[in-house]
Amino acid sequence: MSFPIIPQNLSISAMRSSGYRDTAHALAELIDNSVQAGLEANKSSLVEVICLEKTPAPGFRPHIDKIAVLDNSGGMSANTLRQALQFGNGTRLDPKKQTGIGKFGMGLPNSSISQGERVDVWTWQKGIVFYSYIDVQEISNNQLKEVPEPSASTVPSEWLGLFIDGMPESGTLVVWSKLDRISWKQGTTLLRHLEFLSGRVYRRFINERHLRIRLSSFEITPTGHTSRYESFVRPNDPMYLMTGTSTPEPYDQVPAFAQFGSTQLISIGFNGASHEVTIKASIAKQEARLSGGGKVFGRHAKRNQGISVLRAGRELELNKTFELVDPRERWWGLEVEFPPGLDDVFGVTNNKQSATGFYRMIIADDAETEGVSAQEYKRLLVQEGDPRLPMYEVSEEIEKFLKELRSAVARMREGELISSKTETLSAKVEKSATASVKKRRERIGSTGRSDRQEEEQNEEVRAQSLTADIVDDGVEHKIAREIAIDYVKKHTKFRVRHADLPTAAMFDVVASGGVIVLTFNTRHPIHAKLFDEFRKTEQFNGFAKDLLAMIMAWARMEDEAASPQIKDQLQEVRELWGRTAKDFIEASEV
Ligand SMILES: Nc1ncnc2c1ncn2[C@@H]1O[C@H](COP(=O)(O)OP(=O)(O)OP(=O)(O)O)[C@@H](O)[C@H]1O
Ligand SMILES: [Mg+2]
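Conventions and cut-offs
Residues numbered from 1 in each chain as written. Chains lettered and ligands numbered in written order. Predicted model: local features only at pLDDT ≥ 70, side-chain atom pairs only at ≥ 80, totals over all residues. Heavy atoms only, no water. Near = heavy atom within 4 Å. Polar contact = N/O pair within 3.5 Å; in protein donor to acceptor, adjacent residues only side chain to side chain. Helix = DSSP H or I, 4+ residues; strand = E, 2+ residues; numbered from the N terminus. Nonpolar A, V, L, I, M, F, W, Y, C, P; charged D, E, K, R; others polar. Domains from an automatic or database assignment. Buried < 20%, exposed > 50% of the residue type's maximum accessible area, 1.4 Å probe, protein only. Arc of directions from axis to C-beta. Contact = heavy atoms within 4.5 Å. Salt bridge = Lys/Arg side-chain N within 4 Å of Asp/Glu carboxyl O. Pairing = 2+ DSSP bridges. Axes fitted to C-alpha atoms, helices over the stretch in contact; angles between N-to-C directions. Phe/Tyr/Trp six-rings, centres within 6.5 Å; stacked < 30°, edge-to-face > 60°.

Participant: Explain the site of ligand 1 here, please?
Facilitator: Close to ligand 1 lie 23 residues, the nearest being Asn 33, Asp 71, Thr 91, Lys 103 and Met 106. Contact distances for ligand 1 include 2.8 Å between an oxygen atom and a side-chain N or O atom of Asn 33. Contact between ligand 1 and Met 106: an oxygen atom at 2.7 Å from a main-chain N or O atom of the residue. Mapped onto the shell around ligand 1, the elements with two or more residues apiece are α2 (23-40), α3 (78-84) and α4 (107-115). With four residues, α2 is the largest single contributor of residues to the shell around ligand 1. Here the residues of the shell around ligand 1 sort into seven nonpolar, 11 polar and five charged.

Now the structure itself:
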């Protein structure tokens, strides 16, 4: 009796559960090989994914019987074909050759047996065809111990007639059959999922015309074939910067997003070489954002929500570990790209579906878990050449982008609210507080800073100053000016706004163009609980109105401060109040 470490007849069954998310992700392994062979042969590839459907018995709906992937990329020699069907063998095992998509020599056999029990491969160069296969059942019962030596063959006629351009001069046809583990039973369903996924995974190659992918499904009938589905995959860009995409119109032809900030390059030293990680961000244009989350475009963007991680030009995954739960996260895009030299840093799995080393990492938190200072922890990582070290830097850079993107999205929303000019509760309170100030001025005189601006600045200067503030809130200049003029003409004394402020205070008060601008700080925990309601609610509920009036009174008090020193002191008290309130709110949540 022999004891091989990996007895193939026994392990083959366990090896079938290799973790492909679904059939579309498994098919991507075959498309990977075709794309890479095409790039290596310096030609643009045509890849066809073809489903053949059969009706198992009368009264049943037809379902997928076989799936084929055909390419015109260049084919393989007999020897390469034999290697290709071995687990862990291929032509890219030498680290010097690992600059493209392939690496482990696992993709073809591993993805194939994850979906069905048999894979047949025909490959040809200049018309000379070689054939081989592997079959799980035959391996299990010890019938098949080696990859069968490739034999001269011909491409089966069953497939030949289905190719869009006939048989290419050189190419490869991989056919999966005995499909017992596929995710979808019908060709159309499978291909729709594949269209969305492969459009995103290979968007760069398709966009740059290095690749075309045709999807088709046929039902086998007693008299021949009936076409059930056909399409060419268009790019699906989660950054929404490309044109000619599968995004719902009009954003298939015009980008729905625009680039945000500049592209960041981070140099990472690893294994004695320097590698570059690229981070790029985009943000929704206002009109796309206005089309709403529930509309076709919003739903599309939701399916693409996450950070797109690209390796060698191909998307590995849409990462969601950076606490991307808010539906508003769909209004930005973020791409992180790295070369295969950093696979160990990013933790690339051999099914190329994820970068397990890429997630939200905070060095201070991890150091605390280990019971050491952040500095000590960092020293330890350096000493051990730990691949996680550069990831902290990447993670930090992404956090920075996210913070800016989130605040830009919030600002955009704020701008939309202001532009819509609805009579929110805040707007109504602005009016009544203006009336109160008017009475107060009649009684004690115009002692406020804003009153002085009103007296000293002409209407145009005041309008300009207010316009600049409103534009800062994310409102288009023309609309901002209309709103500003309205404030000046109506002698409105208050403007209530909401923004992220770098202070502990619950709100801030400044005078601008003769108006007291009261800003509720969205960063303070009370904002989400209380103040956020004011910008949405239109109802003049007595309680909310009185609460707002109280805060307006504080704002006026600061405006009237008798000297700059007193104004400073009031500001300090306001901050202290905010800090104390934060403790109270947090304590009440325990
Ligand atoms: N469609 C194809 N055209 C040409 N050569 C191919 C094709 N498919 C596979 N090959 C060859 O077969 C080998 C094995 O493919 P396989 O997908 O198993 O591994 P790989 O691509 O090298 O690495 P990975 O496991 O990362 O996918 C490849 O290295 C390549 O040389
Ligand atoms: Mg491969």
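Participant: When you look at the domain arrangement of the protein in this model, what are you seeing that I'm missing?
Facilitator: Size of an interface, as often reported, equals the accessible area lost when the parts are brought together. In terms of domain boundaries, the protein breaks down into domain 1 (8-232), domain 2 (257-412) and domain 3 (421-589). Here the C-alpha centroids of domain 1 and domain 3 sit 64 Å apart.

Participant: Before we go on, may I ask you to explain helix α16 (residues 449-456) in this structure?
Facilitator: Turn by turn, an α-helix covers 3.6 residues, leaving residues three or four places apart pointing in a common direction. Residues of α16 that are buried: Ser 450, Asp 451, Gln 453 and Glu 454. Down the axis of α16, the sector holding all buried residues measures 160 degrees, keeping them to one side. Away from its buried face, by an angle of more than 90 degrees, α16 presents the exposed residues Glu 455 and Glu 456. Looking at the buried residues of α16, the elements they touch are α15 (425-444), α17 (459-472), β15 (507-512), β16 (515-521) and α20 (542-559).

Participant: Honestly, the pattern of salt bridges in this entry has me stumped. Any pointers?
Facilitator: Pairing is possible between side chains of opposite charge, provided their charged atoms come close. Going through the model one piece at a time under the given rule, you end up with 45 salt bridges. Here Arg 204 and Glu 335 are joined by a salt bridge, their closest N and O atoms 3.1 Å apart. Within this pair, whereas Arg 204 is found in helix α8 (residues 203-207), its partner Glu 335 is found in strand β13 (residues 332-338), the two being separated by 131 residues in sequence. Glu 335 sits in the buried class, given a relative accessible area of 7%. Here Arg 523 ties to Asp 500 by a salt bridge, and the two come within 2.8 Å at their closest N and O atoms. Here Arg 523 is found in the loop between β16 and α19 (525-536), whereas its partner Asp 500 is found in the loop between β14 (494-499) and β15, with 23 residues between them in sequence. Looking at Arg 523, the relative accessible area reads 43%, which means it is partly exposed. Connected via shared salt-bridge partners are Arg 440, Arg 441, Asp 451, Glu 454, Lys 493, Arg 556, Asp 559 and Glu 560.

Participant: Sorry if this is basic, but what is going on with the pairing of strand β3 (residues 118-125) here?
Facilitator: Residues in a regular strand project their side chains so that they alternate between the two faces of the sheet. Of all eight residues making up β3, seven are buried, and the element is well covered by its neighbours. Where β3 meets strand β4 (residues 128-135), eight bridges bridge the pair, whose relative direction is antiparallel. Bridge assignment links Asp 120 to a residue of β4, and that residue is Tyr 133. If you look at the hairpin formed by β3 and β4, you'll find two residues sitting between the two strands, and Lys 126 has a positive phi there, around 50 degrees. Sheet topology places β3 next to strand β6 (residues 171-177); seven bridges connect them, and they run antiparallel. When the bridges of β6 are listed, Arg 118 appears paired with Ser 177.

Participant: For this particular structure, what's the right way to read the sheet that holds strand β5 (residues 151-153)?
Facilitator: Either a parallel or an antiparallel arrangement is found when strands of a sheet pair, and the pairing is made through backbone hydrogen bonds. Within the open sheet, the eight strands sit side by side as β5-β4-β3-β6-β2-β1-β7-β8. Their pairing is mixed. Every other strand in the sheet has two partners, leaving β5 and β8 (224-232) as the edge strands with one partner each. With direction set aside, neighbouring strand axes in the sheet form an average angle of 25 degrees. Relative to strand β2 (residues 63-71), strand β1 (residues 45-54) is paired through eight bridges, and the arrangement is antiparallel.

Participant: Help me understand the packing of aromatic side chains in this model?
Facilitator: Between two aromatic rings, the relevant description is the distance of the centres plus the angle of the planes. Going through the model one piece at a time under the given rule, you end up with 16 aromatic pairs. Ring geometry for Trp 122 against Tyr 131: centres 4.9 Å apart, planes inclined by 35 degrees, an arrangement best described as tilted. Consider the rings of Phe 297 and Trp 331, whose centres lie 6.3 Å apart with planes at 40 degrees: the pair is tilted. You can see Phe 297 sitting in helix α10 (residues 296-303) and its partner Trp 331 sitting in the loop between β12 (314-319) and β13, a full 34 residues away along the chain.

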